[in-house]
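# Structural overview
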Amino acid sequence: MSKSFALIPAAGSGSRIGKKRPKQYLTLAGKPMIHHAIHTFYRAPRIAHIFVILSPNDELWSQYDWSEFSNKLVVLNCGGATRAESVLNGLRAMPSTVNISNQDWILVHDAARPCLSSKQLEFLMDEIADDETGGLLAIPVADTLKRGTMHHRAINTESRENLWQAQTPQMFRYHLLVKALSQANASQITDDASAVEALQYHPKLVLGNTLNFKVTYPQDLALAELILQEGEKNCTP
Ligand code: CTP
Ligand code: MG
């Protein structure tokens, strides 16, 4: 029987949000942002352990009390220069802390997506459990897509047919994820599924929802705060 583990890369600096501290530590609903994702995985009975990947220079993690999660939480200070490097370093470090088999599932989830709901997480795990390849939460593109010039003038309109926006969690077997990320160009990929696609696999696109957006720009903070304050993330399908 395969086990499932969460891996949360949290070694970024949050340059686009432009705040003094890395965005995973910005306060949302009274907690550091990363607390919310950890909490959602902690509540999921099928998740055996949660691995958080921090920068080797991280000085903020230890300023908070994480003891409520201690029976499931493992912290690894092996983040790299890119998200892909942080995930791969984390995957390689995992076996020294827990017993892990090649067939076990890894759910990689951005620390910067605090509004993932338990229902969405369970839905993804249900949909992928019997899948040969694995997959990810994603949503069909809703807006009209423009190809623009460097000077922000629209050249033409691109078809949005069959286009999806990738979210996280992204759920793959341990051995496939290690193989894919080892062969990927870490400076060019921004998610795990693209490394798997490069090996000619076709990850399953599991319908997510827009509340699970990635907090990227300063204006995203107010929306995330609202969703978390209202407990909204657990009210939607
Ligand atoms: N991440 C990481 N290691 C890196 C870069 C990113 O672990 N070297 C993590 C971030 O901490 C975040 C997730 O990957 O949880 C998604 O990345 P992103 O939203 O791009 O966060 P940042 O890289 O921190 O932000 P920015 O790109 O604006 O600098
Ligand atoms: Mg980044």
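Above this text you will find the structure in question.
Rules behind the numbers
- Each chain has its residues counted from 1, running along the sequence as written.
- Each chain gets a letter, beginning with A, and each ligand a number, beginning with 1, in the order they are written.
- Thresholds applied to this predicted model are a pLDDT of at least 70 for local features of residues and 80 or more for the giving and counting of side-chain atom pairs; totals over whole chains, interfaces and linings are not thresholded and use all residues.
- Hydrogens and water are ignored here; the side-chain numbers use all heavy atoms of the structure.
- Each patch is built from residues that are more than 30% exposed by relative accessible area and take part in no salt bridge. Like charges join if they lie within 9 Å; nonpolar side chains (Val, Leu, Ile, Met, Phe, Trp, Tyr) join within 5 Å.
- With residues, only the protein chains shown are counted as cover, and all accessible areas are computed by Shrake-Rupley using a 1.4 Å probe.
- By definition here, a salt bridge exists when the distance from a side-chain nitrogen of Lys or Arg to a carboxyl oxygen of Asp or Glu is within 4 Å.
- We count a stretch as a helix when DSSP gives it H or I for four or more residues in a row; a strand needs E for two or more, and each element gets its number in order from the N terminus.
- Nearness of a residue to a molecule or strand requires only that one of the residue's heavy atoms be within 4 Å of it.
- For this analysis, a polar contact is any N or O atom pair within 3.5 Å, provided that within protein one partner can donate a hydrogen and the other can accept it, and provided that sequence-adjacent residues contribute only side-chain to side-chain pairs.
- Only Asp, Glu, Lys and Arg are considered charged, only Ala, Val, Leu, Ile, Met, Phe, Trp, Tyr, Cys and Pro nonpolar, and every remaining residue, Gly among them, polar.
- Only protein chains enter the accessibility calculation, which uses a 1.4 Å probe; a residue is then buried when its area is under 20% of its type maximum, exposed when over 50%, and partly exposed in between.
- Only strands that DSSP links by at least two bridges are regarded as paired with each other.
- Here an axis means a line fitted to C-alpha atoms, over the contact stretch when the element is a helix, while the angle between two N-to-C directions is reported on a 0 to 180 degree scale.
- Any pair of residues with heavy atoms lying within 4.5 Å of one another is described as a contacting pair.

Right, let's talk about a nonpolar patch on the surface for a bit. Together, Phe123, Trp164, Leu205 and Leu207 give the surface a local cluster of nonpolar side chains, amounting to about 350 Å² of exposed area. With respect to the secondary-structure elements, Trp164 resides in strand S10 (residues 164–173).

Turning next to the site of ligand 1. Neighbouring ligand 1 are 19 residues; Gly14, Ser15, Lys23, Ser86 and Lys214 lie closest to it. The backbone of Gly80 places a nitrogen or oxygen atom 2.9 Å from a nitrogen atom of ligand 1. Take Ala81: an N or O atom from its main chain is 3.3 Å from a nitrogen atom of ligand 1. Protein burial of ligand 1: of its 570 Å² of free accessible surface, 88% is covered by the chains. Here the residues of the shell around ligand 1 are counted per class, giving 6 nonpolar, 8 polar and 5 charged.

This part takes up helix H1 (residues 33–42). Extensive coverage of H1 is indicated by the burial of 8 of its 10 residues. Residues of H1 that are buried include every one of Met33, Ile34, His35, His36, Ala37, Ile38, Thr40 and Phe41, and no others.

Once that is clear, we can look at the sheet that holds strand S1 (residues 4–10). The strand order across the open sheet formed by 7 strands is S5-S4-S1-S6-S10-S7-S11, and the pairing between neighbours is mixed. Whereas interior strands pair on both sides, the edge strands pair on one side only; in this sheet they are strand S5 (73–76) and strand S11 (204–207). Each adjacent strand pair in this sheet contributes to an overall mean axis angle of 30°, direction not counted. Set on the sheet, helix H3 (residues 118–128) makes contact with S1, strand S4 (47–54), strand S6 (105–108), strand S7 (135–140), S10 and S11; between it and S11 the angle comes to about 145°.

Let us now look at the side chain of Asp192. Tracing the backbone through its elements, the reader meets Asp192 in helix H5 (residues 192–197). A distance of 3.1 Å separates a polar atom in the side chain of Asp192 from a polar atom in the side chain of Arg83. Non-local contacts of Asp192, meaning those with residues more than four positions away in its chain, are made with Arg83, Val87, Val108, Gln170, Phe172, Leu177 and Leu181.

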